[in-house]
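# Chain and residue survey
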Amino acid sequence: MIISRSPLRISLGGGGTDLPSYYKQHEGFLVSAAIDKYIYVAINKPFNKGGIFRYSSMENAQDVDSIKHPIIREALKLFDEKNLQIEISSMADIPAGTGLGSSGSFTTALLKALYTYNRRYLSQQDLAELACFIEIEKLKEPIGKQDQYIASVGGVSSFAFHKDDTVTYSALNLPSKTLYQLEDNLLLFFTGFSRSASEILKDQKIRSDNNEDEILNNLHYTKDLGYKSKKALEEGDLISFGEYSIISCSFEILKFKFCSIFPISVGCSLNSASFNSVAVKFAPFNSAAVNWADFNSASVKEFFDTILKGESVTYNDHNWYNNNGLKSYIQGRSSNRYPLLNKDL
């Protein structure tokens with residue numbers, strides 16, 4: 001049996017500029033971090049012929065073309081599976097629709113497991129590109145390349161998306177103190193609702209292809225926030241990082257980016273009068289909200305003390321619930337405490 005796992009991620013600045021509709025014209029840049037919540041894929045050879053596939057549903061198939069799950073079907077087409085005899089099961093720490101890159105993470109975990117099962121080597125770059133090929137080229141999903149790359153590379157990394165469709169990346173040179181502070185102060189909460197990334201990103205793609213000034217200006221500014229977030233993190237300036245990457249201006253940009261689909265009902269800052277105390281970063285309308293908090297702040301302590309008791313809290317007209325509140329830890333690359341991702345795959 002082969003078991004692989006691939007991390008979910010949080011975006012720390014520049015998200016949205018990884019879509020081909022944007023970076024092929026203007027180039028994209030973002031900072032992303034893998035977290036310690038995973039998608040798991042297990043592969044086994046069953047006794048009988050045929051395919052058994054377990055995910056949110058269960059299906060049996062006698063040939064590849066009859067597989068209903070699109071990613072599994074396209075991944076298996078990469079191999080000579082004329083006589084199908086395989087069992088694939090997937091599990092996840094967090095449900096789909098949270099905005100944490102679960103689809104890209106699943107694809108990379110599946111491909112890594114399949115290549116290992118077939119005794120074939122796949123580099124991190126090739127793994128990411130193959131996952132992008134399946135989701136973007138074969139399945140025509142209107143998504144970007146961030147999820148596949150951060151799931152393959154891991155750590156806290158920056159990614160540049162170039163006009164010629166190539167991607168360059170590097171791990172952020174973070175001081176150890178900064179990694180510990182991120183670990184101690186980033187929390188992940190389930191907000192109680194979910195959404196489809198494809199529908200949201202489809203709207204962004206259409207508007208970018210039409211060269212709408214509003215969406216392009218917002219994406220330009222989002223990319224600039226990515227550069228500023230990288231600089232602040234590498235300098236250990238987490239106050240500026242919060243201001244650049246997590247304060248309400250980021251949400252205002254995202255609000256304009258997606259307003260043609262969803263009404264705006266979610267506030268961004270828990271304490272708008274003091275951004276240095278606490279700020280919240282939303283992947284727009286996700287069921288997961290990433291929080292940067294200074295736990296020396298009385299207002300922050302009050303907020304988290306209440307929500308962790310399981311009580312509902314209302315800030316800026318938005319109800320927060322402790323539905324499986326999770327403290328998320330940054331998965332870095334510099335020590336045993338922050339293991340390399342490829343050791344886990």
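A brief structural summary. Keep in mind that this is a model prediction, so the values were computed, not measured. (Residues numbered from 1 in each chain as written. Predicted model: local features only at pLDDT ≥ 70, side-chain atom pairs only at ≥ 80, totals over all residues. Heavy atoms only, no water.)

### So, the overall build of the protein
- Summing up its helical and strand segments, the protein has eleven helices and twelve strands in all.
- Expressed as a percentage of its 345 residues, the buried residues of the protein come to 55%.
- Contacts in the protein between residues at least 24 apart in sequence constitute 70% of all its contacts with a sequence separation of at least 6.
- When the accessible surface of the protein is split by element, carbon and sulfur atoms take 48% of a total near 15,100 Å². (Helix = DSSP H or I, 4+ residues; strand = E, 2+ residues; numbered from the N terminus. Buried < 20%, exposed > 50% of the residue type's maximum accessible area, 1.4 Å probe, protein only. Contact = heavy atoms within 4.5 Å. Areas by Shrake-Rupley, 256 points an atom, 1.4 Å probe, with all protein chains shown as cover.)

### Considering the pairing of strand S7 (residues 167–171)
- Where strand S6 (residues 156–161) lies against S7, five bridges are found, and the strand directions are antiparallel. Along S7, the bridge assignment pairs Ser-158 with Ser-170.
- Counting the residues in the hairpin turn of S6 and S7 gives five residues, including Asp-165, whose phi is positive at 80 degrees. (Pairing = 2+ DSSP bridges.)

### Considering the nonpolar core
- Within the largest apolar cluster, 47 residues are counted, with the highest numbers of intra-cluster contacts made by Phe-53, Leu-76, Ile-88, Leu-110, Leu-114 and Leu-233.
- With residues near it in sequence (within four places) discarded, Leu-114 still touches Ile-43, Ala-75, Leu-76, Phe-79, Ile-86 and Ile-88.
- Residues Tyr-23, Ile-143, Val-153 and Phe-161 belong to the second largest nonpolar core, which totals 13 residues. (Core = buried A, V, L, I, M, F, W, Y, C linked by side-chain atoms within 4.5 Å.)

### Here's the deal with helix H8 (residues 213–234)
- In this model, H8 (22 residues) spans 32 Å end to end at C-alpha, consistent with the 32 Å of a helix rising 1.5 Å per residue.
- When H8 is considered as a whole, its buried residues turn out to be Ile-215, Leu-216, Asn-218, Leu-219, Thr-222, Lys-223, Leu-225, Gly-226, Ser-229, Ala-232 and Leu-233.
- Downstream of H8 by a residue or two, Gly-236 has a phi angle that is positive, lying close to 75 degrees. (Expected span 1.5 Å × (residues − 1).)

Honestly, that's just the spatial picture; any functional story needs more than this.
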